[in-house]
Amino acid sequence: MQYPVIAIDGPSASGKGTVAARVAAALGWAYLDSGALYRVTALYAREQGAAWDDEAVVAALAAALPVRFVDGRVELDGRDVSSDIRAEEIGMGASQVAALPAVRAALLQRQRDFAVHGGLVADGRDMASVVFPEAALKVFLTASAEVRAQRRALQLGVPLAGEAYERIVADIEKRDEADRNRAVAPLKPAADAHMLDTSDLSIEESVKKVLDWYRQIEN
Ligand code: DC
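Small disclaimer: the values here were computed from a predicted structure and weren't measured. All chains use their own residue numbering, which begins from 1 and follows the written sequence. It should be noted that, the model being predicted, local features are given only for residues of pLDDT at least 70 and side-chain atom pairs only at 80 or more, the latter also being counted only at that level, while totals for whole chains, interfaces and linings use all residues. Derived side-chain values reflect all non-hydrogen atoms in the structure, with water molecules and hydrogen atoms excluded from consideration.

A. Focus on the sheet that holds strand β7 (residues 137–142). Any two strands with at least two DSSP bridges between them are considered paired. In DSSP terms, a helix is any run of H or I states spanning at least four residues, a strand is any run of E spanning at least two, and both are numbered starting from the N terminus. Read from one edge of the open sheet, 5 strands run β2-β6-β1-β7-β8, paired in parallel fashion. Of all the strands in the sheet, the pair left with one neighbour each is β2 (30–33) and β8 (194–197). Taking the axes of each pair of neighbouring strands and ignoring which way they run, one obtains an average angle of 20 degrees across the sheet. The pairing of strand β1 (residues 5–9) with β7 spans 4 bridges and is classified as parallel. Pairing of Ala 7 across the sheet is with Lys 138, part of β7. The contact criterion used is simple: two residues touch if any of their non-hydrogen atoms lie within 4.5 Å. Helix axes are fitted to C-alpha atoms over the stretch in contact, other axes to C-alpha atoms as well, and angles between N-to-C directions run from 0 to 180 degrees. The strands touched by helix α2 (residues 34–47) within the sheet are β2 and β6 (120–124), with β2 carrying the most contacts at an inclination of about 45 degrees.

If you want it as structure tokens, here you go:
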């Protein structure tokens, strides 16, 4: 592989996106949020009236996805959809379309195309196993389901008890289950991944750990 890649995989709301983006910034590398591609695919399918389980149609939409990542924003057909794709419902749609092999195949090269200059930090579910198997460093980042639910609730401004919070916990567990048990590219650590449990770590501590691992490999 021409450019170094750090692959960071893990379950939803584990904080891998924040850690990956900060590692990329610290190294001056590009950043790929691969989950955003599945989320945009789900949003685009819905806008085009396609069912999330219609593999051929969704794969065709994914192959022609008019998506751009601009200054941290996600644009679909020139519209800023950065917050639309974060809706829980679109997350569930992303999980559904991500289970379709033809959709994953349609998005594969597009993800690899991000490794074009300098280096790349890529986060997702199968960065280490499928998309960048030759990554210089592979990290599997986790946190307990409880900690992840709390982080998501804080992000959404939801109190840490009550019905809305319970719904977040249930959604996280449901999505974990779907991502872990699907037939293609299920969520699981690559054999050579470094395990990083961030339940008791701050963002800064997690970022430092990844950078330390990378520096060890480099030297
Ligand atoms: O990381 P996220 O929550 O934004 O991802 C949204 C969905 O996309 C998630 O349910 C799993 C799926 N996904 C995937 O299958 N492979 C990836 N590389 C990234 C995300």
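B. Focus on the environment of Asp 123. Within the element layout of this structure, Asp 123 appears in strand β6. Its relative accessible area of 3% is what places Asp 123 among the buried residues. For Asp 123 and Ala 36, which are 87 residues apart along the polypeptide, the C-alpha to C-alpha distance reads 9.9 Å. Setting aside anything within four residues of it in sequence, one finds Asp 123 in contact with Ile 8, Lys 16, Gly 17, Ala 20, Tyr 31, Leu 32, Asp 33, Ser 34 and Gly 35. In protein, a polar contact requires one atom able to donate a hydrogen and another able to accept it; more generally it is a pair of N or O atoms within 3.5 Å, and residues adjacent in sequence count only if both atoms are side-chain atoms. A distance of 2.5 Å separates polar atoms of two side chains, one belonging to Asp 123 and the other to Tyr 31. Each residue's exposure class comes from its accessible area (1.4 Å probe, protein chains only) as a fraction of the maximum for that residue type: buried when under 20%, exposed when over 50%, partly exposed otherwise.

C. View of the pattern of salt bridges. Take a side-chain nitrogen of Lys or Arg and a carboxyl oxygen of Asp or Glu: if they are within 4 Å of each other, that pair is a salt bridge. Scanning all chains against the criterion turns up 16 salt bridges. Here Asp 176 and Arg 180 are joined by a salt bridge, their closest N and O atoms 3.7 Å apart. Linking Asp 176 with Arg 180, this pair stays in helix α8 (residues 163–181), spanning 4 residues, or about one helical turn. Under the relative-accessibility criterion, Asp 176 is labelled buried at 5%. Since its relative accessible area comes to 44%, Arg 180 is described here as partly exposed. Each of Arg 68, Arg 73 and Glu 75 takes part in a single network of salt bridges with overlapping partners.

D. Representation of the nonpolar core. In plain words, nonpolar cores are sets of buried Ala, Val, Leu, Ile, Met, Phe, Trp, Tyr and Cys residues tied together by side-chain atoms within 4.5 Å. Counting residues in each nonpolar core, the largest one holds 43 residues, and the members touching the most others are Val 103, Leu 120 and Phe 132. The element contributing the most residues to this core is α2, with 8 residues. Listed in part, the 17 residues of the second largest apolar core include Ile 8, Ala 24, Trp 29 and Leu 196.

E. Focus on the site of the ligand. Nearness is defined per residue: one heavy atom within 4 Å of the molecule or strand is enough. With respect to spatial proximity, 17 residues lie near the ligand, and among them Ser 34, Arg 39, Arg 104, Arg 125 and Arg 182 are the closest. With respect to the ligand, the side chain of Ser 34 contributes an N or O atom lying 2.9 Å from a nitrogen atom. Within the side chain of Asp 179, an N or O atom sits 3.2 Å from an oxygen atom of the ligand. Using a 1.4 Å probe, accessible areas were evaluated by the Shrake-Rupley method; residue-level cover was limited to the displayed protein chains. Protein contacts shield 97% of the accessible area of the ligand, which totals 440 Å² for the unbound molecule. Of all the secondary structure elements, the ones that give two or more residues to the shell around the ligand are α2, α4 (88–98) and α8. Considering every element that reaches the shell around the ligand, the biggest residue donor is α2, with 4 residues. Grouping the amino acids of the shell around the ligand by side-chain chemistry returns 4 nonpolar, 4 polar and 9 charged. Side-chain classes are defined by residue name, with Ala, Val, Leu, Ile, Met, Phe, Trp, Tyr, Cys and Pro counting as nonpolar, Asp, Glu, Lys and Arg as charged, and the others, Gly among them, as polar.

F. Local environment of the packing of aromatic side chains. Here a pair means two rings of Phe, Tyr or Trp (six-membered ring of Trp) with centres within 6.5 Å. Their orientation is stacked below 30 degrees between planes, edge-to-face above 60, and tilted elsewhere. Evaluation of the coordinates by the stated rule reveals 2 aromatic pairs. Taking 5.2 Å as the distance between ring centres and 80 degrees as the angle between the ring planes, the aromatic pair formed by Trp 29 and Tyr 214 counts as edge-to-face. Of the two residues, Trp 29 is situated in the loop between α1 (16–27) and β2 and Tyr 214 in helix α9 (residues 203–218); the sequence distance between them amounts to 185 residues. The pair formed by Trp 29 and Tyr 214 is uniform in burial state, with each residue classed as buried.

G. Representation of helix α3 (residues 55–63) within the structure. Of all the positions in α3, only Val 58, Ala 59, Leu 61 and Ala 62 are classed as buried. For α3, the angular spread of buried residues about the axis comes to 160 degrees, placing them on one side. What points out from α3, more than 90 degrees from its buried face, is the exposed set Ala 56 and Ala 63. In this fold, the buried residues of α3 make contact with α2, α4 and α5 (101–112). Taken from the helix axis, the directions to the C-beta atoms give the arc we talk about.

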